[in-house]
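# Working through the structure, step by step
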Amino acid sequence: PPNKGGGIYINYSSPNIYNCIIKNNHARFGGGIYINNSNVSLANLDIINNLADAHGGGLWVNGRSFNTPNFSNLNVINNVADNDGGLGISGDSTFQPIFLNSLIKGNSATFFCGGGVGIESCSPIFKKVVIINNTGPRGSGVRVWVNSTPILENVVIANNSGGSGLYSWGGHTEIINSIIYNNYPDEIITEQAFPYYYGSNLIISYSDINGGQTNIV
């Protein structure tokens, strides 16, 4: 469909896609790639200079508990969207896509939230992922929304600007052995999700947060 997946559209299927460049595409959701309820394996992809009018400039992933997509060695660079400039992930609270050994750099959200990564009502795992130099309001690096429980392990979130390195609105985030550094204006912002009254919880262990607790707002 023209409004989903400008480069690649994946719906209820299980493809393996390796060693590709996804570049200069445009859609409403998933400017580069759109994935819905699929068990995909994506590796060694360059997802560059794509545009989404709504969510997921580079990549948009939607799924449920029975989906187990895996992503490794992605370069998600210089993509733009209204929200979730680099990649956006949504689904139910038990949807757990895995992202490994990837770079999310120089992406932009131009409207509401999520410069690098947007996480909404799901539980992704990020390991050995670098999220740097992204821009946008409400989570220039990563935004975490209600009913989301992401795990960030061996992750770097640095040099993102416009809305904090990590912004949580009623999410529950676990940060392990990670670095959050030199994000502007704040390293981490947590807010209660009004009107739902979901608080934001953080579990941080063995990690370096620039400025310590004083930069968690």
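Residues numbered from 1 in each chain as written. Predicted model: local features only at pLDDT ≥ 70, side-chain atom pairs only at ≥ 80, totals over all residues. Heavy atoms only, no water.

### Things to note about the pairing of strand β14 (residues 125-132)
- Strand direction decides the pairing type here: strand β11 (residues 98-105) and β14, joined by 7 bridges, are parallel. Its bridge partner lying in β14, Leu 100 is registered against Lys 127.
- Bridging between β14 and strand β16 (residues 151-153) involves 3 bridges; their strand directions are parallel. Among the inter-strand pairings, Ile 125 is bridged to a residue of β16, identified as Ile 151.
- For β14 and strand β17 (residues 156-158), the ladder comprises 3 bridges, and the chain directions are parallel. Paired with Ile 131 across the bridge in β17 is Ile 157. (Pairing = 2+ DSSP bridges. Helix = DSSP H or I, 4+ residues; strand = E, 2+ residues; numbered from the N terminus.)

### Quick look at the sheet that holds strand β9 (residues 80-83)
- Strand order across the open sheet formed by 4 strands is β3-β6-β9-β12, with parallel pairing between neighbours. Strand pairing shows two members of the sheet lacking a second neighbour, β3 (26-29) and β12 (108-109), which therefore form its edges.
- Looking at chain direction, β9 and β12 are connected through 2 bridges and run parallel. Looking at β12, one finds that Val 80 is bridged to Ser 108.

### Describing the pairing of β11
- Relative to β11, strand β8 (residues 70-77) is paired through 6 bridges, and the arrangement is parallel. Residue pairing in the sheet places Asn 75 in a bridge with Leu 103 of β11.

### Points about the environment of Ile 98
- Along the chain, Ile 98 turns up in strand β11.
- Separated by 26 residues in the primary sequence, Ile 98 and Ser 72 place their C-alpha atoms 8.2 Å from one another.
- If near-sequence neighbours (up to four positions away) are discounted, Ile 98 is found in contact with Pro 69, Asn 70, Phe 71 and Ile 125. (Contact = heavy atoms within 4.5 Å.)

### A word on the pattern of salt bridges
- Under the definition given, this model contains 3 salt bridges.
- The closest approach of N and O atoms between Arg 143 and Asp 84, which form a salt bridge, is 2.9 Å. Pair noted here: Arg 143 is in strand β15 (residues 142-144) and Asp 84 is in the loop between β9 and β10 (87-91), with a separation of 59 residues, a long-range link.
- Note on Asp 84: relative accessible area 0%, which makes it buried.
- Of the charged contacts, one joins Glu 120 and Arg 143 as a salt bridge, the two residues approaching to 3.0 Å between their closest N and O atoms. One end of the pair, Glu 120, is in strand β13 (residues 117-120); the other, Arg 143, is in strand β15, and 23 residues separate them in sequence.
- A relative accessible area of 27% means that Glu 120 is categorised as partly exposed.
- Each of Asp 84, Glu 120 and Arg 143 takes part in one network of salt bridges that share partners. (Salt bridge = Lys/Arg side-chain N within 4 Å of Asp/Glu carboxyl O. Buried < 20%, exposed > 50% of the residue type's maximum accessible area, 1.4 Å probe, protein only.)

The values reported here are purely geometric and, on their own, carry no functional implication.
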